[in-house]
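Residue-level structural notes
The residues making up each chain are set out below.
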Amino acid sequence: ALAESTANVSQWLVAAGVTPRSVDMQGNTPLIHAASGGMEALTGILIRELRVSVDPLSGQSKGEGETRVALEEAVLYLDLNVKNYQGRTALHYAVANGHAATAKLLVEAGADMDLADHNGVTARSLLMTPGSVTPEAAHGLFGVKQRPPRKIDRLLHPGNSTNRGVPKQGWPAG
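Presented here is an overview of the structure given in this document. (Residues numbered from 1 in each chain as written. Predicted model: local features only at pLDDT ≥ 70, side-chain atom pairs only at ≥ 80, totals over all residues. Heavy atoms only, no water.)

**Things to note about the side chain of Gln146**
- You can see Gln146 is positioned in the segment after α8 (135–142).
- Among the residues examined, Gln146 registers a relative accessible area of 11% and is labelled buried.
- One polar contact links the side chain of Gln146 to the main-chain carbonyl oxygen of Leu127, over a distance of 3.1 Å.
- In this structure, Gln146 is in contact with Leu127, Met128, Thr129, Pro130, Ser132, Val133, Thr134, Pro135 and Ala138, ignoring residues within four places of it in sequence. (Helix = DSSP H or I, 4+ residues; strand = E, 2+ residues; numbered from the N terminus. Buried < 20%, exposed > 50% of the residue type's maximum accessible area, 1.4 Å probe, protein only. Polar contact = N/O pair within 3.5 Å; in protein donor to acceptor, adjacent residues only side chain to side chain. Contact = heavy atoms within 4.5 Å.)

Set out below in structure tokens:
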């Protein structure tokens, strides 16, 4: 059912005139949307489409094949690491939303874990932060060790049920 659903979505996108390089009003590409939603199959389809569409030197002679491959890899790198208007890539969203398998697919395709958004946050730093993906996935899939969660002492507030037995102290008047 999932494969059929993904095929339907990709057919609808093509029918609507969306290409893998289209952008919405926030600068998000279809790849960013697919990764953000954890749509692994659609992410894979988009990566394949980006690979197929990379052909910057189609009329090049055989002797310059290495240059052609290098340019094709550079264009694919740029496509996989397109930033939206917040400076975030598809990999940022996949990691932030806990979609480890989709993130792994992007990294294997060449997405850069060390590109920073406008706030200096990288996908790698998101992986190191507890809560994005499980510690097992962060370490097993990406070799990143998450830091332990910070302990926050309970905040006390007058009237909080955890404050039973604690004498109430009034709030100062305005």
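**Description of the nonpolar core**
- One finds Leu31, Leu80, Leu91, Val95, Leu106 and Leu127 to be the most contacted residues of the largest nonpolar core, which totals 29 residues.
- Sorting the residues of this core by element identifies α2 (30–36), α3 (40–53), α4 (65–80), α5 (90–96), α6 (100–109), α7 (123–128) and α8 as the ones contributing at least two each.
- Per-element accounting of this core gives the leading share, 5 residues, to α5.
- Leave out the neighbours within four places in its chain, and Val95 touches Ala103, Ala123, Leu126, Leu127, Ser132 and Val133. (Core = buried A, V, L, I, M, F, W, Y, C linked by side-chain atoms within 4.5 Å.)

**Some details on the packing of aromatic side chains**
- Under the defined criterion, the tally for this structure stands at 0 aromatic pairs.
- Cation over ring: Lys104 sits above Phe142, and NZ or CZ is 5.9 Å from the ring centre. (Phe/Tyr/Trp six-rings, centres within 6.5 Å; stacked < 30°, edge-to-face > 60°. Lys NZ or Arg CZ within 6 Å of the ring centre and 35° of its normal.)

Shape descriptors only; they carry no functional weight alone.
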